[in-house]
Amino acid sequence: MPLSEQEQRLLEEMERNLYKNDADFVATVGGAGRGRPNYRAIVLGVLLAVAGAGALIGGVASQITVVGVLGFALMFVGVLVAITPSKRNAAAAAPLPGAGASAKPAKPQAGFMDRLNERWDRRQEGRD
């Protein structure tokens, strides 16, 4: 079911306000600015996970519990290495201090929810 024009405008306004008022959240969650994936860490993690799986299977087959537990731990570390972003990429993607600030911070503007609350209050008072 498609959105009506009013719902689309409201959604666009909410998105603009999110980008304007909560730029840090958008930078953290959004895909932009993440940089290239670290292929070396991904390959290393996959190799560790495969070696861990082999050790786990070998430990179960030979009924040596220590080898199986170490294999599981190696698999876990391999997955962590593969999915954890490198500190170098995280530092490069971090915005510079003051880069998100606009040149006109003199007048604080009410956020979207503040305006909605004001409209609600006016309606309750009978002014709208």
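Residues numbered from 1 in each chain as written. Predicted model: local features only at pLDDT ≥ 70, side-chain atom pairs only at ≥ 80, totals over all residues. Heavy atoms only, no water.

S.K.: An account of the overall build of the protein chain is requested, with residue identities and associated values reported.
M.R.: Counting its regular elements, the protein chain contains 6 helices and 0 strands. Taken from N to C terminus, the helices and strands of the protein chain fall in the order α-α-α-α-α-α. Relative to its 128 residues, the protein chain shows a buried fraction of 11%. Across the protein chain, contacts joining residues at least 24 apart in sequence account for 59% of those joining residues at least 6 apart. Surface summary for the protein chain: the accessible area is close to 10,700 Å², and the carbon and sulfur share equals 63%. (Helix = DSSP H or I, 4+ residues; strand = E, 2+ residues; numbered from the N terminus. Buried < 20%, exposed > 50% of the residue type's maximum accessible area, 1.4 Å probe, protein only. Contact = heavy atoms within 4.5 Å. Areas by Shrake-Rupley, 256 points an atom, 1.4 Å probe, with all protein chains shown as cover.)

S.K.: If you had to explain the confidence of the model for the protein chain to someone new, which residues and values would you point to?
M.R.: In this model, the protein chain carries a mean pLDDT of 78, and residues with pLDDT of at least 70 account for 71%. Counting contacts from residues 101–106, a segment whose pLDDT is below 50, to residues more than four positions away or on other chains yields 0 contacts. (pLDDT = per-residue confidence, 0-100.)

S.K.: Tell me what's going on with the UniProt feature "transmembrane region" (unreviewed entry) in the protein chain, and back it up with residues and numbers.
M.R.: In the UniProt entry, the feature "transmembrane region" (unreviewed entry) is given for residues 41–58 and 64–83. With 100% helix and 0% strand, the stretch residues 41–58 has end C-alpha atoms that lie 25 Å from each other. (UniProt positions renumbered as here; feature names shortened; annotations may be inferred.)

S.K.: Hey, could you go over the side chain of Asn-17 for me, with residue numbers and the actual values?
M.R.: One can find Asn-17 in helix α1 (residues 5–21). For Asn-17, a relative accessible area of 9% puts it in the buried group. Beyond its immediate sequence surroundings of up to four residues, Asn-17 is in contact with Asp-22, Phe-112 and Arg-115.

S.K.: Describe unusual backbone geometry, with residues and values.
M.R.: Although it is not a glycine, Gln-63 adopts a positive phi angle of roughly 60°. Looking at the element boundaries, Gln-63 is found in the loop between α3 (39–62) and α4 (65–83).

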